[in-house]
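Close look at the chain arrangement
Here are the chains, one letter per residue:
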Amino acid sequence: MERRELEARGFLVTPGFIDLHAHLREPGFEESETIASGSRAALRGGFTTICAMPNTEPAIDSPGLVAEVVARARAARGARVLPIATITRARAGRELADLIELAAAGAVAFSDDGSPVDDARLFRHALEYARTGDLLIIEHAQDMSLSRNGVMHEGAVSARLGLPGIPSAAEEVAVARDIAIAEMTGGRLHLTHISTRGAIASIRDAKRRGVRITCDVTPHHLSMTDDWVGGSRAFAWERGGSLAREDGPAPVRSIDRSPSSRSRPSLESPPAPLATPYDSATKVNPPLRSWSDVRALWDGLADGTVDGIATDHAPHASVKKEVEFDQAAFGISGLETALSLVLGGVSVGWCDRDTVIRALTSGPARVLGLPIRDDDWIAIDPDAEWTVTPEALVSLGKNTPLLGRRLRGRVVCAVVGGEVRYEGGLRGASPVGSR
Amino acid sequence: MRWTRRHVLDTDDWSTEEIQAVLDTTGAMVEVLSRPVRRAPPLRGRTVVLFFAESSTRTRVSFELAARTLSADVVNISASGSSVEKGESLYDTVRTLQALGGDVVVMRHGSSGAPYFVSERTDAAVINAGDGWHAHPTQGLLDAYTLRAALGDLAKKRIVIVGDIVHSRVARSDINALVPLGATITLSGPPTLMPSAWRCGQTPAGTTYEPDLDRALDGADGVIALRLQKERQEGGLLPSLREYTRVWGLTEARVSLMRPGAPVMHPGPMNEGVEIDADVAHGARSLVERQVTNGVAVRMALLYLLVGTPTLEAS
């Protein structure tokens, strides 16, 4: 094999990121993403390993389909793709899939993501049965009766916009249920894309009691609030102009409409970039929550309640998003912007950089029970600025509310199994000769 | 003041001056409507497209009358019989609207925010004639005009809005039009029909929530009752229409808790005997028909401000 020497001095070199939660859409929705495009987008974002969610068409619920995903990923030569299989057959929530055979075929975990396993009894049996082989169950914790018809976080913004809400309680009720069932069964449970303050508190408490649960949060829930649906584009740490104010600064586009307050320029906050409200790129499930929730996620990250940062990369073809807000598909294309977003919170001191890097590397590895590979590594230029444009994104999913935004921090090199699979902007990164 | 807005999507960011400008212009339009020949030329040569993706007779006819009175050409794209019912996407419809080349698109749509989607993709001025639960700006403005005509200056006046607030674009637009004029608003109705944030103390500025309607009406300067959709009961939000009527229905006894002569309004269509008794709906305090008449004038005012040429002389 050709040996190359890379000059990465001045860059941050870390193990390759591991994403516990990505949607690659293949088979079935190749207009939104393919295994090849998604696994290459992953490298661009610094992820050398991604776990592919099974809510494809057909859903990944048989050993043959798992093997097919593995084979296509190998041919794509992007990031390593670890398939997740469904918990229930056809992801229909009625009977268990063949978990042990699926694991033998290469499934690293099981999830009906997109939906929770609504039937608590079936969920109990999944966790119990998965104890054979200590298989990992990943749950999208959401009470479907409480979230029904909801399209954004329920709060002051949804009230103003006249959009049906998904209350925080929809997640918190489900997390409480899942913790109780995990505790009862002793199964290995991972709660993905946790988004609310109350859910973080429940998980923190359960971990202290010794319940075997882990959880992840997404970069978008760490950086954006429900104000984004109303047209704000201020990151959580930018709100109000003063950094990290604990009392939650005033919303960017407040409903304070008394005559005295009208057209009074705010003296303390810089004008936040305003976008047209009801941008379907801000529609995601779980929804972008309040400022207080965002702070709680960072606190959870800092104190170890949160085990990993996972993208919930959810690419969609434009036809799924170029529609009325309430008709649009849920999801944000997130693999390529994740690093920049989390570095934003680091830059204001909401968490230290090492903790964030661990949440992208050793944290998820531990959730999966996998070692950190020293032949998978990346180089980061934390100060490089780049503009998010459809052309700049490798993913077929251009659905991100960050389009047009200048971000800081980018991956300049990604190495998988000792092979350089992505190079971009690594100064002096050309091969210095084979030896 | 100089009018600068290109669209009327929501009044939530309008200044007091802008609202007043519309109301003052509405006054001039009321005068046009009182002429023997109700016709003025400022929209001659302009095309107004009425795009109603959700059925509505009253609002559509009101806009049509407003546009024709100002001499505009009117094109209708309504839900029944149009491609909207055949599942044509909003995106396709907008491209068609754009190709037709109307000057103004007046749109009614079941999805909150749909007018923003259209305004971003067309060169026409877009007037929101009601979108989902979000906004119905012309209703808010006509209610403000009607109340101002009845009560004079709205500063320190207290108006009650009662009913299904959470699903009501009318309630939101009434708040946005009345609060900047100095009015305070008491919202009333069942807690299940209030946005949860507003029920829990985060009401919009200038508004409060009082579930007890008698207390809300006590000493008020006016009341706006909202239409109660019968499916709210099936959705588990209400035990029964009978109980709703008993607790939140406007009766003669209730409205007399307000100041003497305080007006009663309703955006229509009314469920008489549910949210409002027939004798209140048609009684001495009722401004319901005045609202309909003023609705035409407000819509004329907006069309004129958006695309009119500055002459109101009779043709």
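Residues numbered from 1 in each chain as written. Chains lettered and ligands numbered in written order. Predicted model: local features only at pLDDT ≥ 70, side-chain atom pairs only at ≥ 80, totals over all residues.

**Concerning the overall build of chain B**
- Along the backbone of chain B there are 13 helices and nine strands.
- A globule of 315 residues ought to have a C-alpha radius of gyration of about 20 Å, and chain B, at 19 Å, matches this closely.
- By principal-axis analysis of the C-alpha atoms, chain B measures approximately 50 × 45 × 35 Å.
- A separation threshold of at least 6 residues defines the contact pool for chain B, and within that pool the share at least 24 residues apart is 76%. (Helix = DSSP H or I, 4+ residues; strand = E, 2+ residues; numbered from the N terminus. Rg over C-alpha atoms; globule rule 2.2 N^0.38 Å. Contact = placed C-beta atoms within 7 Å.)

**Concerning the pairing of strand β8 (residues 222–225) of chain B**
Residue and element names in this part refer to chain B.
- Of the two faces of β8, the one lined by G222 and I224 and the one lined by V223 and A225 are each fully buried.
- Of the pairings in the sheet, the one linking strand β5 (residues 158–162) to β8 comprises four bridges and is parallel in character. Paired with I159 across the bridge in β8 is G222.
- Where β8 lies against strand β9 (residues 264–265), two bridges are found, and the strand directions are parallel. Across the sheet, residue I224 finds its bridge partner in β9, namely M265. (Buried ≥ 20, exposed ≤ 12 C-beta atoms within 10 Å, placed from the backbone. Pairing = 2+ DSSP bridges.)

**What about the sheet that holds strand β13 (residues 406–416) of chain A?**
All names here are of chain A.
- Spatially, four strands are ordered β1-β12-β13-β14 in an open sheet, and the strand pairing comes out antiparallel. Lying at the two open borders of the sheet, with one neighbouring strand each, are β1 (12–15) and β14 (419–423). Averaged over all pairs of adjacent strands, the angle between their axes in this sheet comes to 30°, without regard to strand direction.
- Both β13 and β14 contribute to a ladder of four bridges, which runs antiparallel. Bridge pairing in β14 places V416 opposite E419.
- Against the sheet, helix α12 (residues 338–347) touches β12 (377–387) and β13, its axis set at about 125° to β13. (Axes fitted to C-alpha atoms, helices over the stretch in contact; angles between N-to-C directions.)

**Digging into the sheet that holds β5(B)**
All names here are of chain B.
- Sheet architecture is open: five strands sit in the order β7-β6-β5-β8-β9, paired in parallel fashion. Edge positions in the open sheet fall to β7 (207–209) and β9, since each of these has one partner strand only.
- One ladder, built from three bridges, connects strand β6 (residues 184–188) with β7; its direction is parallel. Directly across from L187, in β7, lies its bridge partner Y209.
- Lying on the sheet, helix α6 (residues 169–178) is in contact with β5, β6, β7 and β8; it crosses β5 at an angle near 170°.

**Details of the interface of chain A and chain B**
- Contact residues are listed per partner, giving 24 residues for chain A and 29 residues for chain B.
- Class assignment of the residues belonging to the side of chain A that touches chain B gives a composition of ten nonpolar, seven polar and seven charged. (Nonpolar A, V, L, I, M, F, W, Y, C, P; charged D, E, K, R; others polar.)

**Digging into the nonpolar core**
- Counting residues in each nonpolar core, the largest one holds 216 residues, and the members touching the most others are F110(A), V106(B), V223(B) and L303(B).
- Per element, the largest residue contribution to this core is ten residues, and it comes from helix α13 (residues 288–307) of chain B.
- Mapped onto the domain boundaries, this core takes at least three residues apiece from domain 1 (16–136 + 293–307) and domain 2 (138–288) of chain B.
- Not counting residues up to four positions away in its chain, the partners in contact with V106(B) are V48(B), V49(B), L50(B), F51(B), F63(B), I127(B) and A129(B). (Core = buried A, V, L, I, M, F, W, Y, C linked by C-beta atoms within 7 Å. Domains from an automatic or database assignment.)

**Observations regarding the confidence of the model for chain A**
- Taken over all residues, the pLDDT of chain A has a mean of 91, while the share at 70 or more is 89%.
- pLDDT under 50 marks residues 428–435 of chain A. Its contacts with residues more than four places away, or in other chains, come to twelve contacts. (pLDDT = per-residue confidence, 0-100.)

**Notes on the packing of helix α5 (residues 137–151) of chain B against α13(B)**
Residues and elements named next belong to chain B.
- One way to put it is that α5 packs onto α13 with a least axis distance of 9 Å and a crossing angle of 115°. In terms of crossing hand, the pair formed by α5 and α13 is right-handed. Mapping the contact onto sequence places T138, L141, L142, D143, Y145 and T146 in α5 and R290, Q291, N294, G295, V298, R299 and L302 in α13.
- Here the residues of the contact of α5 with α13 sort into five nonpolar, five polar and three charged. (Left-handed = near helix turned anticlockwise from the far one by under 90°.)

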